[in-house]
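Chain and residue survey
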Amino acid sequence: MDFALNDEQRMMIDTVRRFIRDELQPLEQRVEDEGRLDDDTAHSIIERSRAVGLYALNMPAALGGGGLGAVDSMLCEEQFGHTTDILVRRAFGNVYDALLACEGEQVDRWVRPAIAGTRTCGLAITETGAGSDAQSIKTHAERTPSGWVLNGAKHFISDAGWSDFFLVSARTGDNAISLFAVDKGLPGFTLGKDQSMMGLRGTTHYELFFDDVPLEPMALIGGEGEGFKLAMGMLGRVRLALVGARAVGKASHVLELMTDYAKDRRQFGQRIGDFQLIQQMLADSAMEINAARLMVLHTAWMIDAGLDARDWISMVKVQASETLGRVVDRAVQVFGGMGFCKELPIERYYRDARVYRIFDGTSEIHRGIVARGLLKRGAELFDLHR
Ligand SMILES: Cc1cc2nc3c(=O)[nH]c(=O)nc-3n(C[C@H](O)[C@H](O)[C@H](O)COP(=O)(O)OP(=O)(O)OC[C@H]3O[C@@H](n4cnc5c(N)ncnc54)[C@H](O)[C@@H]3O)c2cc1C
């Protein structure tokens, strides 16, 4: 394991960093104020990101993606954390790994357009009665002579307003959960309300309703009964990227702001950064961020090496999201009243960070996975040198 960056990785990180600084960060406040990103700006971001080769970096090069391995993806994802969720989605795409289970005609219908940024994919697993317990879904698909018919409902579906199709989990038998690609616009498929959230302004989180939605046979992705495994496998990598690496990036961004403020702000005739209590908040943040960063990279390295990283991903999910929570809380404290005031973005970072401990599996669920892993396989499960 060598975490020293090579020249190529440095260039890649610099390109992403520049793109975020020049193209995305200037849009953040507008999105916050307006609560949305207009379609023209969204399309132009996608175009510009594609032009510099930054769209769908995690997808295979043979299909038009960036072809990055897990470590390189996480290096980029950490940089993505330096801006807001909606801008990252538009600029870099949300092309879920499960799409790679597509075969034959499915590839042209759903995978290539997603990688090209011409069609966007949403992920619909959660239901009002099935959150953490994702296997208790009620949405179901019945086989018909012409394919499938889908019934049920989902909620909290990120980016549903913008998405052109969804990967939807549905029961296809008593014990089988399957994954279907469901195009927006199919008869019987409607969007409910956009569920207003505490943060992540600019994104939408819709309810989806399926009322006798007819699906072609090819809508089934990865085989009947494979849906839960596919969704969880996909979420594993999504968790490491979207929650692990991005949380590290967000926390680093906030630490930069805190440090600058501690150097500039003066009280009692000195910089607040000269007070030891402020120094403790800065030092603790730096230490915790780097611990989480190393865990993200180690886990990504395990994935690239073909090792089973599932329990590690759970550990990273908790560590990175809770580190972010502590860092943004300290940032509000270091900024004092200005940390609470909407004239600076600190209060927004604080609100946006909270959901990291909830989505893609709550801290409690992932702590359970870590503990059960330990009890079943022993403490060497998390021994770096085993
Ligand atoms: C902003 C946002 C975006 C989202 N985007 C999507 C999306 O795009 N697609 C999608 O499918 N879903 C999405 N979700 C749903 C998200 O994944 C769920 O909210 C999450 O999995 C938790 O489920 P829940 O909200 O039903 O909470 P519940 O499962 O009801 O949990 C409530 C509490 O009980 C605890 N709990 C539950 N089970 C256990 C247990 N076994 N042991 C200990 N404690 C337990 C939980 O940790 C939590 O504290 C999104 C949610 C949010 C808030």
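Higher on the page you've got the structure.
The rules behind these values
- In every chain, residue numbers begin from 1 and rise along the written sequence.
- Residues qualify for local features only when their pLDDT is at least 70, as the model is predicted, and side-chain atom pairs are given and counted only at 80 or more; totals for whole chains, interfaces and linings, by contrast, use all residues.
- Where side-chain values are given, they derive from all heavy atoms of the structure, hydrogens and water being excluded.
- The pocket and cavity definitions rest on a 1 Å grid over protein atoms only: a 1.4 Å probe that fits but cannot leave marks a cavity, an open set with protein on both sides within 12 Å along at least five of seven lines marks a pocket, and residues lining either have an atom within 4 Å of a point.
- Grid points are joined across faces, edges and corners, and a volume is the space filled by probe spheres set on the points.
- Side-chain classes are defined by residue name, with Ala, Val, Leu, Ile, Met, Phe, Trp, Tyr, Cys and Pro counting as nonpolar, Asp, Glu, Lys and Arg as charged, and the others, Gly among them, as polar.
- A helix here means a DSSP run of H or I that spans at least four residues, while a strand means a run of E at least two residues long, and both kinds are numbered starting from the N terminus.
- All domain edges in this entry derive from an automatic or database-based domain assignment.
- In these notes, residues near a molecule or strand are those with any non-hydrogen atom within 4 Å of it.
- As used in this structure description, the phrase polar contact means that two N or O atoms lie within 3.5 Å; if the pair is within protein, one of them must be able to donate a hydrogen and the other to accept it, and residues adjacent in sequence are counted only when both atoms belong to side chains.
- Per-residue accessibility takes into account occlusion by the displayed protein chains alone, with areas from the Shrake-Rupley method and a 1.4 Å probe.

As enumerated under the stated definition, the model contains 4 cavities of 30 Å³ or more in all. Considering only enclosed or pocket space, the largest cavity measures out at about 330 Å³ in volume. A class-by-class count of the residues in the lining of the largest cavity yields 12 nonpolar, 4 polar and 5 charged. Volume-wise, the second largest cavity comes out at about 110 Å³. Elements with a contribution of two residues or more to the lining of the second largest cavity: α7 (227–264), α9 (310–335) and α11 (346–353). Ranked by residue count, the leading element in the lining of the second largest cavity is α11, at 4 residues. Among the residues forming the lining of the second largest cavity, the class breakdown is 5 nonpolar, 5 polar and 4 charged. If you count residues domain by domain, the lining of the second largest cavity takes at least three from each of domain 1 (7–116) and domain 3 (228–382).

In the region of the ligand, 17 residues are neighbours, and T126, S132, S158, T362 and E364 sit closest. Between F156 and the ligand, the recorded distance is 2.9 Å, taken from a backbone N or O atom to a nitrogen atom. Considering the ligand on its own, with 980 Å² of exposed area, one finds that the protein chains cover 63% of that surface. Residue assignment for the shell around the ligand shows that the elements contributing at least two residues are β1 (121–124), β3 (147–158) and α12 (363–377). The element contributing the most residues to the shell around the ligand is β3, with 3 residues.

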